[in-house]
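# Observations on the three-dimensional arrangement
Okay, here's what each chain looks like letter by letter:
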Amino acid sequence: MHASEGAQVGDVRGTVAEGYEAVADAFARNAEQRGERGAAVAVYRHGRKVVDLWTGTRDVDGTEPWAVDTAQVVRSATKGVAAAVVLLLHQRGQIDLDAPVGTYWPEFKAAGKERVLVRHVLSHRAGLPVLDQPLAAEQALDGASGPAALAAQAPVWEPGAEHGYHAHTYSWLLGELVRRVTGRPIGRWVAEEIAHPLDLDFWMGLPEEEAHRVGRVGPVPEPGPAQGGGPRLRPKRSVAAAYEDPGSLTRRAFSAIAPPPDENAPAYRAAGLPGSGGICTARALARFYAATIGEVDGGRRLFAPATLTLARTEESAGPDRVLVVPTRFGLGFMLHGPAAPLLGPGSFGHPGRGGSLGFADPESGTAFGYVTNGLRRGVTADPRAQALIRAIRSTL
C-alpha cells in the first residue's frame, strides 16, 4: 500500500492509500472550514484499511493533540454495534427475531406488550420511544431502572404499526434482551465476542485502565459563512417545533434521561449504554463495519450472508413519529436515504447525534468510521461526515 505514513496535510496526521487523497483533503477542509476541533476518520475497502487520519485536539475544550489511539464517545453510533449483537445471537440460533420479547423477558409482557417482537425493537417499531417518567442519570446507568420502567408501561402506538426513533429506550430494551438470553451484560458480550476477536478499540463500558485515551466531548457552534461553512441551514418548522414542544414524542424521547447525563463523567463512560454510550476510535468503527460485510485483513468476518441481508433489508420507512422526517431502518441499522445519506442505496450503518458515523456499503466493499469531539445539533447527515462521504464516492 502506498501511504503517506505519518504525513501531515495542515494539522492532519495519519495514512492514506494511493487514490484516496481526496479524503485527506476533505478531512483537512473540515478543520479549516467547518469548525472541527478534534476528529478521526478511517476507511476500509474490501477488508483492507485505506484511510486512517486524525486531527485537532483530543478534548473539545483543550490543547493536547489528538493521538493515534484517541477514542471518543460516539453516542448513537453505538446502536449499530448493539444491533449486531442481537443479529449474531440470531445467527447462532439463540434468538428468534419473530418471537415476542416476552419470550425471553417475561416481565415485559405487561401493559399490552405481548405482541412486541424482537424484530420490532430492532426496527424502532415497538412503540416505546418514551418513558412515562424520565430517569435521573444514576437510574439510567444502574442497569435495572430502565428495563423495569419499560416492562411496566404501555406502548404509545400499536407495536409494529408505525415506527419512531427509540433514542434512549433502545439502550434498555436491547441491553435487557441480551442479558436475558445470554446471562451476560451486553458490554461484556461485545468485548468478548466482537471487540477482542477483531482487535477493536471499542468499549460499551469503558475499563478504568483505558480512560486516559478518551477525549472530552462537547457542543461546538455551527460554522457560518464567515468561517467558510456556507449558509446556515435551518430545520423545517415542523421539526423545530417538535423539539421545542415538551409534550411531543420528539422532546420526550430525547428527554428520557433528565437532566441530560454528563457524557464526560467516569460513571457514564463505565456504564456503556448500548444506545448512546459506546466509546471507540474511528479505526475500530470502520473495522467493525468491514467485518460485517467481509473478512478483515484476510481473517474473521461477523455476518453470514443471510445476516447481512437482514441488517440492510428495509423494515421501517416513511414518516418517523419521533424524528418527524422520513427515515429508513433495517434490523437495527439506519439505511441510506434523504434523512441519513450514506455511500449508496445498499449502505447500512448508524450516526451518532452530533456528528459520529459508521456504516458499510457492501456493493463497493467500503466501510467507514468517523468520530469527533465537537458535537453539533443534528441527529443525522452531519456536514463534516457528508463531506468525507462525497470524497470517498469520488474515489470509487
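Keep in mind that what you see is a predicted model, and the values were worked out from it rather than measured.

## Description of the pattern of salt bridges
The full count for this structure, using the stated rule, is 26 salt bridges. Put simply, Arg321 and Glu162 hold a salt bridge, and the shortest N to O gap is 3.0 Å. Taken together, the positions of Arg321 in the loop between β9 (316–319) and β10 (326–329) and Glu162 in the loop between α5 (145–152) and α6 (169–182) put the pair 159 residues apart, joining distant regions of the chain. Between Glu192 and Arg188 there is a salt bridge, and its shortest N-O distance comes to 3.3 Å. Taken together, the residues Glu192 and Arg188, both in helix α7 (residues 186–198) and 4 residues apart, mark about one turn of the helix. Accessibility expressed as a relative area gives 38% for Glu192, which makes it partly exposed. Classification of Arg188 as partly exposed rests on a relative accessible area of 43%. Taken together, the salt bridges that share partners define one network made up of Arg92, Arg184, Arg188, Glu192 and Glu193.

## Remarks on the pairing of β9
When β9 meets β10, the two strands line up antiparallel, connected through 4 bridges. Bridge assignment links Pro319 to a residue of β10, and that residue is Pro326. The antiparallel hairpin formed by β9 and β10 contains 6 residues in its connecting segment, where Val324 sits at a positive phi of about 75 degrees.

## Regarding the packing of helix α2 (residues 78–91) against α6
Contact geometry of α2 with α6 gives a least axis separation of 11 Å together with a crossing angle of 30 degrees. Looking at the two axes, α2 sits roughly parallel to α6. Here α2 and α6 pass one another in a crossing that is left-handed. When α2 is examined against α6, the residues Lys79, Ala82, Ala83, Val85, Val86 and Leu89 are found in contact with a partner set consisting of Tyr170, Leu174, Val178, Val181 and Thr182. Here the contact of α2 with α6 is built from residues that sort into 9 nonpolar, 1 polar and 1 charged.

## Concerning the confidence of the model for the protein
Per-residue confidence for the protein gives a mean pLDDT of 94, with 94% of residues at or over 70. Note that residues 1–9 has pLDDT below 50 and, in this model, 21 contacts with residues that lie over four places away or in other chains. Across residues 226–233, where pLDDT falls below 50, the model places 13 contacts with residues more than four positions away in sequence or in other chains.

## Side note on the side chain of Thr250
Structurally, Thr250 can be placed in helix α9 (residues 249–254). Classification of Thr250 by relative accessible area gives buried; the value is 2%. Excluding anything up to four places from it in sequence, Thr250 contacts Ala242, Tyr243, Arg321, Val322 and Val324.

## Some words on the environment of Asp382
Locating Asp382 in the fold gives a position in the loop between β15 (374–375) and α13 (383–395). Note: C-alpha distance between Asp382 and Ala340 (42 residues apart in sequence) is 8.9 Å. When residues no more than four places from it in sequence are discounted, the contact partners of Asp382 are Gly354, Gly355 and Arg376.

## Quick notes on the environment of Gly102
Checked against the element boundaries, Gly102 lands in the loop between α2 and α3 (118–122). Judged by its relative accessible area of 6%, Gly102 falls in the buried class. Remark: the alpha-carbon pair of Gly102 and Arg115, spanning 13 residues in sequence, is separated by 8.5 Å. Setting aside anything within four residues of it in sequence, one finds Gly102 in contact with Phe108 and Lys109.

The rules we used
- Residues numbered from 1 in each chain as written.
- Predicted model: local features only at pLDDT ≥ 70, side-chain atom pairs only at ≥ 80, totals over all residues.
- Heavy atoms only, no water.
- Salt bridge = Lys/Arg side-chain N within 4 Å of Asp/Glu carboxyl O.
- Helix = DSSP H or I, 4+ residues; strand = E, 2+ residues; numbered from the N terminus.
- Buried < 20%, exposed > 50% of the residue type's maximum accessible area, 1.4 Å probe, protein only.
- Pairing = 2+ DSSP bridges.
- Axes fitted to C-alpha atoms, helices over the stretch in contact; angles between N-to-C directions.
- Parallel < 35°, antiparallel > 145°, perpendicular 65-115°, else oblique.
- Left-handed = near helix turned anticlockwise from the far one by under 90°.
- Contact = heavy atoms within 4.5 Å.
- Nonpolar A, V, L, I, M, F, W, Y, C, P; charged D, E, K, R; others polar.
- pLDDT = per-residue confidence, 0-100.

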